[in-house]
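Geometric and topological summary
The residues making up each chain are set out below.
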Amino acid sequence: MLLSDNIITIKNIGEERSKKLQKLGIFTINDLIEYFPRDYDDRSNVCKIKDIELNKINTVKGKVISNPETAKIRHVSITKIRIDDGTGFLEIVWFNQPYLKNTIKYKSDYIFTGKVIQKYGRIQMETPDYEIIDERELLSNGRIVPIYASTYKLPQKLFREVINQTLFAVKDQIKEFLPDEILKENNLCSRHFAIENIHFPKDNKSFFIARRRLVFEELFL
């Protein structure tokens, strides 16, 4: 995969999705990795179930301890699971997403981000973002999460996955073009670090270092 390649060469990007990306001005691999987030959602504070704050957005980790169940009530499908993190139990609820019954894996560990409310005497998180915890890097939970301006109906989660896998594939092709003396004189990070951390900041400090480099680069050019 080369920076100049058409985006259709990316895994999971077929003809239909490539047309949606082209509407965003994304035609090549390089266009994609330079399509920077418009905002970020800090989901790095993972709390225990016992410390959950009601009526607020919370991020929790837990093991699924019940098989997903889906019921239909007044034309609305409701899919439920229960999780346990060792400090308490939490009910997770999704509306009109019945496919999750076959997606969420019983006895697997997940991380969830969503609003927690008390309903019918139970504490439940409604329609959260979620990711399974395995060997893959978390992209949508448990970290500072990028939010992209427009994705033409491509889910944010998919957009993040595509950009992450693309960055990994072309990381050795992101070359530095600023002279060493300019980098040292202005205390700037490398272009590779900047691109990687503007999309997926390791922490707040890394984000600001990356943004400073890219702003300088734009003015310099």
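Residues numbered from 1 in each chain as written. Predicted model: local features only at pLDDT ≥ 70, side-chain atom pairs only at ≥ 80, totals over all residues. Heavy atoms only, no water.

Brief notes about the pattern of salt bridges
The tally for this structure, following the rule as stated, stands at 15 salt bridges. In this structure, arginine 122 engages glutamate 91 in a salt bridge whose closest nitrogen and oxygen atoms are separated by 2.9 Å. Separated by 31 residues along the polypeptide, arginine 122 in strand β8 (residues 122-132) and glutamate 91 in strand β6 (residues 89-95) bring together distant segments of the chain. A salt bridge links glutamate 137 to arginine 143; the shortest N-O distance between them is 2.9 Å. Three or more residues joined by partner-sharing salt bridges are found here, namely Glu34, Glu176, Arg191, Arg213 and Glu217. (Salt bridge = Lys/Arg side-chain N within 4 Å of Asp/Glu carboxyl O. Helix = DSSP H or I, 4+ residues; strand = E, 2+ residues; numbered from the N terminus.)

A closer look at the pairing of strand β4 (residues 69-73)
Two strands pair when backbone bridges link them, and β4 and strand β5 (residues 76-84) are joined in this way by five bridges, in the antiparallel orientation. Bridge pairing in β5 links isoleucine 73 to valine 76. Hairpin connection, β4 to β5: the antiparallel pair is bridged by two residues, and arginine 74 has positive phi, about 50 degrees. (Pairing = 2+ DSSP bridges.)

As for helix α3 (residues 156-170)
Counted at 1.5 Å a residue, the expected span for α3 with its 15 residues is 21 Å, and the 21 Å between its end C-alpha atoms agrees. Those residues of α3 that fall on the buried side of the exposure criterion are Leu158, Phe159, Arg160, Val162, Ile163, Thr166, Leu167 and Val170. Tucked into the core, α3 has its buried residues touching α1 (15-22), α2 (29-33), β9 (144-147) and α5 (191-199). (Expected span 1.5 Å × (residues − 1). Buried < 20%, exposed > 50% of the residue type's maximum accessible area, 1.4 Å probe, protein only. Contact = heavy atoms within 4.5 Å.)

Thoughts on the nonpolar core
Ile10, Leu21, Ile26, Phe159, Ile163 and Leu167 are the most contacted members of the largest nonpolar core, which totals 28 residues. When contributions to this core are tallied by element, the ones reaching two or more residues are α2, α3, α5 and α6 (204-220). It is α3 that provides the largest number of residues to this core, a total of six residues. Not counting chain neighbours up to four residues away, the residues in contact with leucine 167 comprise Ile33, Ile174, Ile195, Glu196, His199 and Phe200. Grouped together as the second largest cluster of nonpolar side chains are 18 residues, Val60, Ile83, Trp94 and Met125 included. (Core = buried A, V, L, I, M, F, W, Y, C linked by side-chain atoms within 4.5 Å.)

With respect to unusual backbone geometry
The backbone of asparagine 96 sits at a positive phi, close to 55 degrees, despite the residue not being glycine. Residue position: asparagine 96 is located in the loop between β6 and β7 (109-119). When its relative accessible area of 48% is taken as the criterion, asparagine 96 is described as partly exposed. Although it is not a glycine, tyrosine 120 adopts a positive phi angle of roughly 55 degrees. Position of tyrosine 120 relative to the elements: it lies in the loop between β7 and β8.

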